Amino acid sequence: MCSTEWTQKRCFRALCCKGPPPPRPEYDLVCIGLSGSGKTSLLSQLCSESPENIVSTTGFSIKAVPFQNAILNVKELGGADNIRKYWSRYYQGSQGVIFVLDSASSEDDLETARNELHSALQHPQLCTLPFLILANHQDKPAARSVQEIKKYFELEPLARGKRWILKPCSLDDMEAVKDSFSLLINLLEERDFEPSRM
């Protein structure tokens, strides 16, 4: 076969046999954290929404957050005192958890956030799922470091054997936030390929 004919066949095959790109996998996630931790702002920025229209979530909202290799359907739950007791009603069907905390909050709020994270890590519907824990508001002077948060939240002993990622973040550095979500997507993909347990 002459090289021209071979090239033509190869080009024809490339043109006619190339179908649409495979659909991106979709994952259903739940996003929790106290009021004021920045859940809504982070998710809105990831969806390229205008910051002027951001209103704190009082019940729950669902956002489809697009990434190059996946779409995350994030159910964000309001973090007010009177709503947190209902969080567990919305856990069913989740494939991963995003927990946002205000790293510059008061000691009392940090203690409350710690208790809520501990409850989530031990909840029967969430305990086997990957967790992305975001220490938000790192741009504030009072922000605690990731190491301080890890120690205060007792993550090493509590989350041993679980898949979790703790990352610093702020609205000033959305690239770092996207990188953190990419790590979570990797954990979700790994979970997809695990053999099912009998």
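As shown above, the structure is provided for reference.
Below is a short write-up of the structure. Since the structure is predicted, the reported quantities are computational estimates derived from the model, not experimental observations.

About the criteria used
- Residues numbered from 1 in each chain as written.
- Predicted model: local features only at pLDDT ≥ 70, side-chain atom pairs only at ≥ 80, totals over all residues.
- Heavy atoms only, no water.
- Helix = DSSP H or I, 4+ residues; strand = E, 2+ residues; numbered from the N terminus.
- Buried < 20%, exposed > 50% of the residue type's maximum accessible area, 1.4 Å probe, protein only.
- Contact = heavy atoms within 4.5 Å.
- Areas by Shrake-Rupley, 256 points an atom, 1.4 Å probe, with all protein chains shown as cover.
- Salt bridge = Lys/Arg side-chain N within 4 Å of Asp/Glu carboxyl O.
- Pairing = 2+ DSSP bridges.
- Axes fitted to C-alpha atoms, helices over the stretch in contact; angles between N-to-C directions.
- Patch = residues over 30% accessible without salt bridge, like charges linked within 9 Å, V, L, I, M, F, W, Y side chains within 5 Å.

### Some details on the overall build of the protein
In terms of regular secondary structure, the protein is built from 7 helices and 6 strands. In the protein, the order of α-helices and β-strands from amino to carboxyl end is α-β-α-β-β-α-β-α-β-α-α-β-α. Across the 198 residues in the protein, those meeting the buried criterion constitute 41%. Summarising the internal contacts of the protein: among those between residues at least 6 apart in sequence, 74% fall at separations of at least 24. For the protein, the exposed surface amounts to about 11400 Å²; the carbon and sulfur share of it is 51%.

### A word on the pattern of salt bridges
Evaluation of the coordinates by the stated rule reveals 8 salt bridges. For E107, the salt bridge identified is with R144, shortest N-O distance 3.2 Å. Here R144 lies in the loop between β5 (131-136) and α5 (146-152) and E107 lies in helix α4 (residues 107-122), a separation of 37 residues in the sequence. For E154, the salt bridge is made with R114, and the minimal N-O distance between the two is 3.6 Å. Here E154 is found in the loop between α5 and α6 (155-158), whereas its partner R114 is found in helix α4, with 40 residues between them in sequence. On the basis of relative accessibility, which here comes to 39%, the residue E154 falls in the partly exposed class.

### Quick look at the sheet that holds strand β2 (residues 60-66)
On the basis of which strands lie adjacent, the open sheet formed by 6 strands has the order β2-β3-β1-β4-β5-β6 and mixed pairing. Looking at which strands have only one partner, the edges of the open sheet turn out to be β2 and β6 (164-168). When strand polarity is set aside, the average angle formed by the axes of neighbouring strands in this sheet is 20°. The sheet contact formed by strand β1 (residues 26-32) and strand β3 (residues 71-77) spans 6 bridges and is parallel. What sits directly across from V30, in β3, is K75. In this fold α4 packs onto β1, β4 (96-102) and β5, with an angle of close to 170° to the strand it touches most, β4.

### Brief notes about a nonpolar patch on the surface
There is a patch of nonpolar side chains on the surface, built from F60, I62, Y86 and Y90 and spanning about 380 Å² of accessible area. Overall, I62 belongs to the exposed group, its relative accessible area being 56%.

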